[in-house]
Amino acid sequence: MKLFAVPINMWHRLMAVRLRTKIMVVLFMLGVFFLVVPMVTYAYFAKDISEPERLMNRNNTGIVLLDRNGEPFYSFGHVGTNDNMTLDQVSDNFEHALLASEDKNFYNHGGFSVKAMVGALYANAVSGNATKYGGSTITQQLVKNTLLSSNKNFLRKYQELSMAIAIDRNYTKDEILQMYINSVYYGEGAFGIKQAAKVYFDKDPKDLTVPESAMLVGLLPAPSTLSPISGDANKAREQQQLVLTRMTEAGYLTADQKTQATAQQLAFAPKTAEEKHAQHFAMMVLDELKSTYGEETIIRGGYRVTTGLDLTWQKEAEKLIKDRVADLSQKGGNNASLVAIDPKTGEIRALVGSVNWEDEKFGKVNMAISPRQPGSSFKPIYYTEAMDKRLVTPATIMRDEPKTYGTYRPQNYDFRFRGNIPVRNALGQSLNIPSIEVMEKLGVESAVATAQRMGINDVNDPTKYGLTLALGTAEAKLTDMTNAYAAFANLGNQHPAVKVTLIKDKFDNIIFTNEAEARRVQSPEASFLISSILSDNEARAPTFGASLN
């Protein structure tokens, strides 16, 4: 046994040495990390920290949407050169609301609060979400909002902490508070307290009341969602009450003052009237950008977004819709939408979501992306597939005559029957009986698969439809239907419907450029045949007559 004692003991000592070495390496690496990250971060942002205006990062903010020719048609958010407010130009009510809600120990810490961070860690542990609560001071929020990304990882958080300490050493507390209230985002395109007071209440910051101040501070965690103008007014009210409660707890308000502030109804600034075009399209683009980049990022970044829209086409489209609805109003028509897509690029050239954006009842409802029954416009979708499968040709003779399918007895729109008629003329005149015959030959399941392949995503479950699908009884979006037709015009190749072609930020950096490629969704032969039928006025004239012109 003694022969083996020495080697075993040596092995244990060797393992212990290796473990100590690993621990020392890990500790060394951690030490390097905690020392180097602050130095590198500070060196990178040193110039930004040294200049208040650069630190606030609010120049050239806002977003502008441009048409394909570079003509602007929508803008949102802007900070003027004279928007910097000193603390004596801002209501004490606002300062008190901000400090009570966001950082009650602001004047007593060195840029960060250990107590707040520990509280955030505990709250995250309780909630099961490691990044839900941040525990950031106002100084840390200034860093996060204007210098760093919004990612909630450990590295970004440590950078935020180290930069907050550096800023606290470079500026007085009043200077930091002033930079924060002049650079933070309040929603509705407003950066800084001057813009916020004007946009929400049409007044100067020094005139903000207690309930108005509480409302503005309550917006800060999620300005877009909580906006009482375009967001959730009920949640905005809840946030306001939370701020008022914190002000009372901090001693800025008495219980009676809180009650009075709670009872006061706020009067928001009226919206200015101006000529607007492509409002629904603009909202579609903004929603896509917010989803991808975040609202504050795109506005603070001064994004200039080039779209595929042609403003001249758009204005003409809006006029056409208005005139058409006026013609249809006697028959009960009160709304319409229009989409125009370039088949060669997929770029949306014009989009009208409703006849009148300002209409209180339905103006804000975008009919271009609201699923509706497409009716007879769905017929070419499955006719093309039937031609591709050689089930019919444009010359195939169909029987347009009364027919019953179980309990279903379809009719043509004029209750007349044409007898023998070629597919070209039957589709050109949008006859129902021949169309149902084609659907029966093809099969509902195959028709649904074709619709899906061509991007009509809402037509998705064959079990929901019978032969009535032939008459367009399933719901579909106009944008999807238009892009399906664009594939016909492009010999079966289909681009994604493109809203944005190029994005640049305020430093002229390219953020995005469209590189989406077309995919084949139908054969060139079948696409050619359907395009021939759809453009054949002679085949369509017996039904549609002079309306073709």
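Residues numbered from 1 in each chain as written. Predicted model: local features only at pLDDT ≥ 70, side-chain atom pairs only at ≥ 80, totals over all residues. Heavy atoms only, no water.

A. Inspection of the overall build of the protein at higher detail. Tallying secondary structure elements over the protein gives 22 helices and 11 strands in all. A total of 549 residues make up the protein; the buried ones form 44% of that total. A separation threshold of at least 6 residues defines the contact pool for the protein, and within that pool the share at least 24 residues apart is 68%. Here the protein displays about 28,400 Å² of accessible surface, and carbon together with sulfur accounts for 54% of that area. (Helix = DSSP H or I, 4+ residues; strand = E, 2+ residues; numbered from the N terminus. Buried < 20%, exposed > 50% of the residue type's maximum accessible area, 1.4 Å probe, protein only. Contact = heavy atoms within 4.5 Å. Areas by Shrake-Rupley, 256 points an atom, 1.4 Å probe, with all protein chains shown as cover.)

B. The arrangement of the side chain of Asp400 in detail. You can see Asp400 is positioned in strand E6 (residues 397–400). Among buried charged residues, Asp400 stands out as having no salt bridge; its nearest opposite-charge side chain is Arg418, 4.4 Å away. A distance of 2.9 Å separates polar atoms of two side chains, one belonging to Asp400 and the other to Asn412. Discounting residues that sit within four places of it in the chain, Asp400 has contacts with Asn412, Arg416, Phe417, Arg418, Gly419, Ile421, Leu431, Ile433 and Pro434. (Lys, Arg positive; Asp, Glu negative; His and termini not counted. Salt bridge = Lys/Arg side-chain N within 4 Å of Asp/Glu carboxyl O. Polar contact = N/O pair within 3.5 Å; in protein donor to acceptor, adjacent residues only side chain to side chain.)

C. Up close: the environment of Ala196. Inspection of the secondary structure puts Ala196 in helix H8 (residues 192–201). A relative accessible area of 0% places Ala196 in the buried class. In this structure, the C-alpha to C-alpha distance between Ala196 and Leu216, residues 20 residues apart in sequence, is 7.6 Å. Ignoring anything within four residues of it in the chain, the contact list for Ala196 reads Tyr186, Ala190, Phe201 and Leu216.

D. A look at the pairing of strand E1 (residues 63–66). Neither face of E1 is exposed, since Ile63 and Leu65 on one face and Val64 and Leu66 on the opposite face are all buried. The pairing of E1 with strand E2 (residues 72–76) spans four bridges and is antiparallel. Residue pairing across strands places Val64 opposite Ser75, the latter belonging to E2. Linkage of E1 to E2, two consecutive antiparallel strands, is achieved through a turn of five residues, within which Gly70 is found at a positive phi near 85°. (Pairing = 2+ DSSP bridges.)

E. Region of interest: the nonpolar core. Counting 44 residues, the largest nonpolar core has Phe94, Leu98, Ile181, Tyr186, Ile193 and Leu216 as its most contacted members. When residues of this core are traced back to their parent elements, those giving at least two are helix H3 (92–102), helix H5 (138–146), helix H6 (154–170), helix H7 (173–183), H8, helix H9 (210–219) and helix H11 (233–249). Among the elements that make up this core, the one with the highest residue count is H9 (six residues). For Tyr186, the residues in contact, after removing those within four places along its chain, are Phe94, Ile181, Gly192, Ile193, Ala196, Tyr200, Leu216, Leu219, Leu220 and Pro223. Residues Ile436, Leu469, Met481 and Ala484 belong to the second largest nonpolar core, which totals 34 residues. (Core = buried A, V, L, I, M, F, W, Y, C linked by side-chain atoms within 4.5 Å.)

F. How the structure looks around the pattern of salt bridges. In the structure shown here, the tally under the stated rule is 20 salt bridges. Note that Arg68 and Asp310 form a salt bridge whose closest N and O atoms lie 3.6 Å from each other. You can see Arg68 sitting in the loop between E1 and E2 and its partner Asp310 sitting in the loop between strand E3 (304–307) and helix H15 (311–328), a full 242 residues away along the chain. The exposure class assigned to Arg68 is partly exposed, which follows from its relative accessible area of 42%. One salt bridge in this structure joins Glu295 and Lys290, with 3.9 Å as the shortest N-O distance. Under the relative-accessibility criterion, Lys290 is labelled partly exposed at 33%. Within this structure, Asp342, Glu347 and Arg349 form a network of salt bridges that share partners.

G. Just the sheet that holds strand E10 (residues 510–513), in detail. Reading across the sheet, the five strands line up as E2-E1-E3-E9-E10 and stay open at both edges, with mixed pairing between neighbours. Pairing within the sheet leaves two strands with one partner each, and these edge strands are E2 and E10. Direction aside, neighbouring strands of the sheet carry axes that sit 15° apart on average. Of the strand pairs in this sheet, E3 and strand E9 (residues 500–504) are connected by four bridges, and their pairing is antiparallel. Paired with Val305 across the bridge in E9 is Ile503. (Axes fitted to C-alpha atoms, helices over the stretch in contact; angles between N-to-C directions.)

H. Broad picture of the packing of aromatic side chains. The final tally for this structure, using the stated rule, is 10 aromatic pairs. Seen from their ring centres, Tyr200 and Phe201 are 6.4 Å apart, and the 45° between their planes marks the pair as tilted. Each member of the pair Tyr200 and Phe201 is classed as buried. With centroids separated by 5.9 Å and ring planes inclined at 45°, the aromatic side chains of Phe378 and Tyr382 adopt a geometry described as tilted. Both residues of the pair, Phe378 and Tyr382, belong to the buried class. An aromatic cluster is present here, built from Tyr200, Phe201 and Phe268 joined pairwise through their rings. Positioned over the ring face of Phe106 is Lys173, at 4.8 Å from the centre of the ring. When the ring centre of Phe544 is taken as reference, the NZ or CZ atom of Arg540 above it lies at 5.7 Å. (Phe/Tyr/Trp six-rings, centres within 6.5 Å; stacked < 30°, edge-to-face > 60°. Lys NZ or Arg CZ within 6 Å of the ring centre and 35° of its normal.)

I. Spatial organisation of the pairing of E9. The sheet contact formed by E9 and E10 spans three bridges and is antiparallel. Counterpart to Lys504 in the pairing with E10 is Ile510. In this structure, the hairpin formed by E9 and E10 is closed by a connection of five residues, where Asp508 is found at a positive phi of approximately 70°.

J. Here's a closer look at the packing of helix H16 (residues 379–388) against helix H21 (residues 524–534). Between H16 and H21, whose axes approach to 9 Å, the crossing angle comes to 130°. With respect to their mutual orientation, H16 and H21 come out oblique. Considering how the two elements wind past one another, H16 and H21 form a crossing that is right-handed. Within the contact between the two elements, H16 uses Pro380, Tyr383, Thr384, Met387 and Asp388 and H21 uses Ala526, Ser527, Leu529, Ile530, Ile533 and Leu534. Per-class residue counts for the contact of H16 with H21 are eight nonpolar, two polar and one charged. (Parallel < 35°, antiparallel > 145°, perpendicular 65-115°, else oblique. Left-handed = near helix turned anticlockwise from the far one by under 90°. Nonpolar A, V, L, I, M, F, W, Y, C, P; charged D, E, K, R; others polar.)

K. Inspection of helix H18 (residues 432–442) at higher detail. Across the 11 residues that make up H18, a large majority, nine, are buried. Of the positions making up H18, those classed as buried are Asn432, Ile433, Pro434, Ser435, Ile436, Glu437, Val438, Met439 and Leu442. On its buried side, H18 packs onto H16, E6, strand E7 (419–422), helix H17 (423–428) and helix H19 (444–453). The first or second residue beyond H18 is Gly443, which carries a positive phi of 100°.

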